Each structure stands twice: as structure tokens, then as C-alpha cells.
Amino acid sequence: MVLELSTHTLILKHPFTISRESHDTQDTLIVHLSMAGKTGYGEATSNPYYGHTLQSLLSEVKGIKDEIENFPFSNPDDFHLWLKGKGLSSFALCALDLAAHDLYGKLRKKPLYELWGTSVTSYPRTNYTIGIDTIEQMVAKMKERPWPIYKIKLGTEEDLDIVRELRKHSDAVFRIDANGAWTASQTIAIAPSLKELGVEFIEQPLKADDWEGMEQVAHHTVLPIIADESCLVEEDVRRCALHFNGINIKLTKCGGLTPALRMIRAGKELGMKIMVGCMTESTVGISAIGQLLPQLDYVDMDGPLLISNDIARGIRICDDASIVFPELGGSGIELLS
């Protein structure tokens, strides 16, 4: 294989604010893996919350470049297992794993979902995320992008007022993501009103390690609760089953498609709803997520809709939230020049 790396700064259409941070650009690393005339692409964004910068990701991958290029690549599973022994962060591992899957499918001239034995005749539609802002601006963002499902970021002193006002302007499904900003008592208290306002579920209301609080919520809330920050890697799935109704898997957090597929299977066996979310990636990362769609209950893959300078072609999200799947194999990614 031949390994190349490129870095990009994605420009957000609006400043993106959640309960713990705000930003108007997103740095991202793209891994290029080439073999036999085909190139696979993978992505990992920088993330200060998890301690990953572009420089740290570049350093990790460059540090084993020669070994990667000499690896006898035949399939993504063996490649991922080998990479796990190199001590990479989950973010760097993700970028390499996604590129390996894209390459593998392109070499076999089949999309990944087909190689996995699934069909895209039916799949969940992505939500569109409304970041924290003034109520007026959140309403304006929603009107700017009419959509069937909205994920609404909360974690302010006027959370219920936000949802009430947004509901006046849309009959779409609402999902709430507090990014760990609430307490157990707040979650239990606000849930009935949110349910009346047409909220489907609440994502990660409590801090990731507040398992005692989540046990209270699990027994007393009237809405389903989905784990995000509490479910990072495969080992977290079983514990989350005791406290949550579902899990939101992030490819960068777990280390790519290879472990994500195992987490999906484990979560289903435990009776949980399965969601995969994004980290405001470009179409590179989103096209990888899209290959998982037939296996999911919910999905948050709106990254390309939130940025103004997408860097790739692949899966295309239409105005009605339906998906046009690329004809190329793998994840179907073509990097734009």
C-alpha cells in the first residue's frame, strides 16, 4: 500500500455551539491508502474535548508510515487488528480503518453495505442538528433548513423555552442532546414536558461517568435515553445496557467501522436501539457512516449539511433527507481537488 495524508479546515455555515464548547471551523485529517490502482479514504476530525489535534493525529500516523506501507493488506479486519497493536489513539485508528474499508470495497467493486450482506432499500434518515444559540437564531436555523428530524442541542437556563418556541415553527420529530449538561433530577423533571412537545428521545443528559445518576434516570424518566459520551468503545456497550435504552456510536471514538460493527451486534443482542453519529466530518467520514445505515435505528450524519466547503463526493443527502448512494465500491468516496 501507499499511504498519503492531507489536512483540511472545514468551514461551518453557522458557529456550532453545544453545552461545553463552540467553534466555527473544524480541522480534519484525511488518510489516503492506495493499492492496485485504487485509493481508499478515511477521516478523523481534531477534537479538543478528547485531546486530539491535527498535529497529534499526523504524528501518530506518520510514526508508522513505513510499517503500514509494508503491511500485506488483504482485508480491513486483519489490518485493524494489526493497527491495534501499534498503540494508536481511536481517532487515528478510525481514519486508517475507514480508508482500509473504502479501499477494500473499491478493489472488490462492491459497496460495503453489500459486502456486509445488507440492503439500502430501507434505512433511517438523518437528523439535522440545531446548535445552541439565541432562541431567535435557533428558530432561524431551523427555518433555513426544513427537515423531517431535528437534533436540538440544549444545556442552557432556557432549555424548555427553546423547545417550546421551536415547536411553534415545525411539526418535525425532535431529538434532544444535552451533552452531559443536566443532572438526574433535571432530566427526570423536564422529560414529561419534552414528551408532550413531541421529543423522541434524550441523548446523553448526564455527565459520562455519572452512572448513579443514570440509574435514577433509567428508572424514572418518561423518555428513552441514548448514550453518547458514556459509550465510547466496545467495552462500554454492556454497561450502557443497564442504564440506557440505546447507544450512539461514533466511529472516531471507537476506532472505526471494524469495532462499530461489533458494537452494533452487541447492542442489538442486548435489546438496545442503535444510532451512529458524526463529529461534523466531511463527506469522507459521512460516506463511511452511510454504509451502516441498514443496520441502524437512528443516525446523525448531517456533517456535510453543516459545512460550506465539503472536500469530497460520496453519499449525497437530499433535501428530503433521503440518500443517494454512490456507484463506486467501498464507501464510494472521491476526494475533490
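Residues numbered from 1 in each chain as written. Predicted model: local features only at pLDDT ≥ 70, side-chain atom pairs only at ≥ 80, totals over all residues. Heavy atoms only, no water.

Asks: Can you explain the nonpolar core? Please cite residues and give values.
Replies: Ranked by size, the top nonpolar core spans 81 residues in total, and within it Y150, I152, L194, I247, I249, L251 and M301 carry the most contacts. Examining the composition of this core, we find that five residues originate from one element, helix α12 (residues 257-269), more than from any other. M1, A44, L54 and L96 belong to the second-largest nonpolar core, a separate cluster that totals 26 residues. (Core = buried A, V, L, I, M, F, W, Y, C linked by side-chain atoms within 4.5 Å. Buried < 20%, exposed > 50% of the residue type's maximum accessible area, 1.4 Å probe, protein only. Helix = DSSP H or I, 4+ residues; strand = E, 2+ residues; numbered from the N terminus.)

Asks: Now, about the environment of P146: what can you tell me, with residues and values included?
Replies: Looking at the element boundaries, P146 is found in the loop between α6 (135-144) and β5 (149-153). Along the backbone, P146 and Q295 are 149 residues apart, and their C-alpha atoms lie at a distance of 26 Å.

Asks: Run through the pattern of salt bridges, naming residues and quoting values.
Replies: Following the criterion strictly, the structure yields 16 salt bridges and no others. Linking D177 and K151 is a salt bridge whose minimum nitrogen-to-oxygen distance equals 3.7 Å. Of this pair, D177 sits in strand β6 (residues 173-177) while K151 sits in strand β5; the two residues are 26 residues apart in sequence, bridging distant segments of the chain. The shortest N-O distance in the salt bridge between R175 and E200 comes to 2.7 Å. With R175 in strand β6 and E200 in strand β7 (residues 199-203), this pair connects stretches of sequence that are 25 residues apart. Judged by relative accessible area, which is 4%, R175 ranks as buried. Via salt bridges that share partners, K151, K153, D177, E203 and D300 belong to a single interconnected network. (Salt bridge = Lys/Arg side-chain N within 4 Å of Asp/Glu carboxyl O.)

Asks: Can you break down helix α13 (residues 283-290) residue by residue, with the values?
Replies: A large share of α13 lies buried, amounting to eight of its eight residues. Buried within α13 we find T283, V284, G285, I286, S287, A288, I289 and G290.

Asks: Give me the environment of I18: which residues, what numbers.
Replies: Looking at the element boundaries, I18 is found in the loop between β1 (2-17) and β2 (22-35). With 163 residues separating them in the primary sequence, I18 and A181 have C-alpha atoms 9.4 Å apart. In this structure I18 touches I132, K153 and N179, once residues within four positions along its chain are discounted. (Contact = heavy atoms within 4.5 Å.)

Asks: An account of the pairing of strand β10 (residues 273-277) is needed here, citing residue identities and associated values.
Replies: Of all five residues in β10, four are buried; the element is thus mostly enclosed. Looking at chain direction, strand β9 (residues 246-250) and β10 are connected through five bridges and run parallel. Considered in β10, the bridge of G246 is made with K273. As defined by bridge partners, β10 adjoins strand β11 (residues 298-300) across three bridges and the pair is classed as parallel. Within the sheet, the bridge partner assigned to V276 lies in β11 and is V299. On the question of chirality, the crossover connecting β10 to the parallel β11 by way of α13 is right-handed. (Pairing = 2+ DSSP bridges. Right-handed = clockwise from strand over helix to strand, strands pointing away.)

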